Amino acid sequence: MIKAVIFDLGNVLIEFGWERFFHERGYEGEAFERIADATVRSPWWLELDKGTITKEEAVAHYIESVPEFEEEFLGLYGRIDQMLVRYDYALDWIQELRERGYKIYALSNWSAPAFEGCAEALSFLDDLDGAVLSYQEKVIKPNAQIYKILCERYDINPEEAVFLDDSLPNVIGAHAIGMHAIHFRSYEQGKAELDAMLKK
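Computed from a predicted structure; not experimentally measured. (Residues numbered from 1 in each chain as written. Predicted model: local features only at pLDDT ≥ 70, side-chain atom pairs only at ≥ 80, totals over all residues. Heavy atoms only, no water.)

Visitor: What exactly am I supposed to notice about the overall build of the chain here?
Guide: Summing up its helical and strand segments, the chain has 11 helices and 7 strands in all. Relative to its length of 200 residues, the chain is compact, with a C-alpha radius of gyration of 17 Å against a globular reference of 16 Å. When its C-alpha atoms are laid out on the principal axes, the chain stretches across 55 × 30 × 25 Å. Within the chain, the fraction of its 200 residues that count as buried is 50%. Nonlocal contacts in the chain, meaning residues at least 24 apart in sequence, comprise 67% of its contacts between residues at least 6 apart. Charged side chains of the chain number 20 positive and 37 negative; the gap between the two group centres comes to 6 Å. (Helix = DSSP H or I, 4+ residues; strand = E, 2+ residues; numbered from the N terminus. Rg over C-alpha atoms; globule rule 2.2 N^0.38 Å. Buried < 20%, exposed > 50% of the residue type's maximum accessible area, 1.4 Å probe, protein only. Contact = heavy atoms within 4.5 Å. Lys, Arg positive; Asp, Glu negative; His and termini not counted. Charge placed at Lys NZ, Arg CZ, Asp CG, Glu CD.)

Visitor: Even after reading the chapter, I still don't get the environment of I6, so can you show me in this structure?
Guide: Mapped onto the fold, I6 is located in strand β1 (residues 4-7). Along the primary structure I6 and L164 are separated by 158 residues, whereas in three dimensions their C-alpha atoms are 6.4 Å apart. Here I6 is in contact with Y105, A106, L107, L150, A161, V162, F163, L164 and M179, once residues within four sequence places are set aside.

Visitor: Got a minute to help me understand the nonpolar core in this structure?
Guide: Nonpolar side chains in soluble globular proteins tend to end up buried together. One finds F7 and L13 to be the most contacted residues of the largest nonpolar core, which totals 57 residues. Not counting residues up to four positions away in its chain, the partners in contact with L13 are F7, D8, R86, Y87, A90, W93, I94 and F124. (Core = buried A, V, L, I, M, F, W, Y, C linked by side-chain atoms within 4.5 Å.)

Visitor: Sorry if this is basic, but what is going on with the pattern of salt bridges here?
Guide: A pair can form between side chains of opposite charge whenever their charged atoms are brought close. This model, assessed by the stated rule, comprises 18 salt bridges. Notably, a salt bridge pairs E68 with R34, separated by 2.4 Å at the nearest N-O pair. Separated by 34 residues along the polypeptide, E68 in the loop between α4 (55-65) and α5 (70-75) and R34 in helix α2 (residues 29-38) bring together distant segments of the chain. Residue R34 is classed as partly exposed on the basis of its relative accessible area, which comes to 31%. Across the salt bridge formed by R98 and D129, the nearest N and O atoms sit 3.5 Å from each other. Here D129 lies in the loop between α7 (112-117) and β5 (130-133) and R98 lies in helix α6 (residues 90-99), a separation of 31 residues in the sequence. Exposure remark for R98: the relative accessible area of 32% places this residue in the partly exposed category. (Salt bridge = Lys/Arg side-chain N within 4 Å of Asp/Glu carboxyl O.)

Visitor: Quick question: what am I supposed to make of the pairing of strand β6 (residues 161-165) here?
Guide: Within β6, 5 of the 5 residues are buried, which leaves it mostly tucked inside the rest of the structure. Across the two faces of β6 the burial is the same, with A161, F163 and D165 and V162 and L164 all buried. In this structure, β1 lies alongside β6, joined through 4 bridges in parallel fashion. By the bridge assignment for β6, A4 is matched with A161. Note: β6 against strand β7 (residues 180-183), 4 bridges, orientation parallel. Of the residues in β7, the one forming a bridge with F163 is A181. Each parallel crossover has a hand, and the one from β6 via helix α10 (residues 168-176) to β7 is right-handed. (Pairing = 2+ DSSP bridges. Right-handed = clockwise from strand over helix to strand, strands pointing away.)

Visitor: So what exactly am I meant to see when it comes to helix α9 (residues 144-154) here?
Guide: In an α-helix, one turn spans 3.6 residues; hence positions three or four apart end up facing the same way. When we look at burial in α9, the residues that qualify are I146, Y147, I149, L150 and C151. Buried residues along α9 sit against β1, β4 (103-108), β5, α8 (134-137), β6 and α10. The N-terminus of α9 is capped by N143, whose side-chain oxygen sits 2.8 Å from the backbone nitrogen of Q145. Following α9 by one or two positions, D155 has its phi on the positive side, about 55°. (Polar contact = N/O pair within 3.5 Å; in protein donor to acceptor, adjacent residues only side chain to side chain.)

Rendered as structure tokens:
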């Protein structure tokens, strides 16, 4: 019997709209690819999610990779709230599940600058039953340790929990420690699969 629903944040409850963000600033073609490779597709982005480097160190690496976009990189985290925007359905979905008696948690790869810069998008976290963010734990999904941290901290039985994530490796990671898991691809698909699972 499922008692806990665990949500990833980026591209599940909050849009990680990095492609839109850069396109809106006029970056296309080769420029777009070079900026993406220097930032969101770089190992430094993941290290920031792990909390093992500072924002300033990450930006220095971005600039070193593609120096001609230094100005964009220096201003990136001051506009991070434009990249990370809460989906309209998120709060209603959480409220519906809580009214049905489920405990609700968040488990996400998330950096300190994204946490500090997106207070409005993340305001609902205080209303959840718990949350684990990677930068605070110095470990990221799909490492088994971060799932275990969540379960131990909030006394969650993995067999009584379902995890939703847009990343298949992270879904596999949840399965590996005994959780039910759903590969989230859209709200309609994710909600339908969750509702079917909760009826069992």
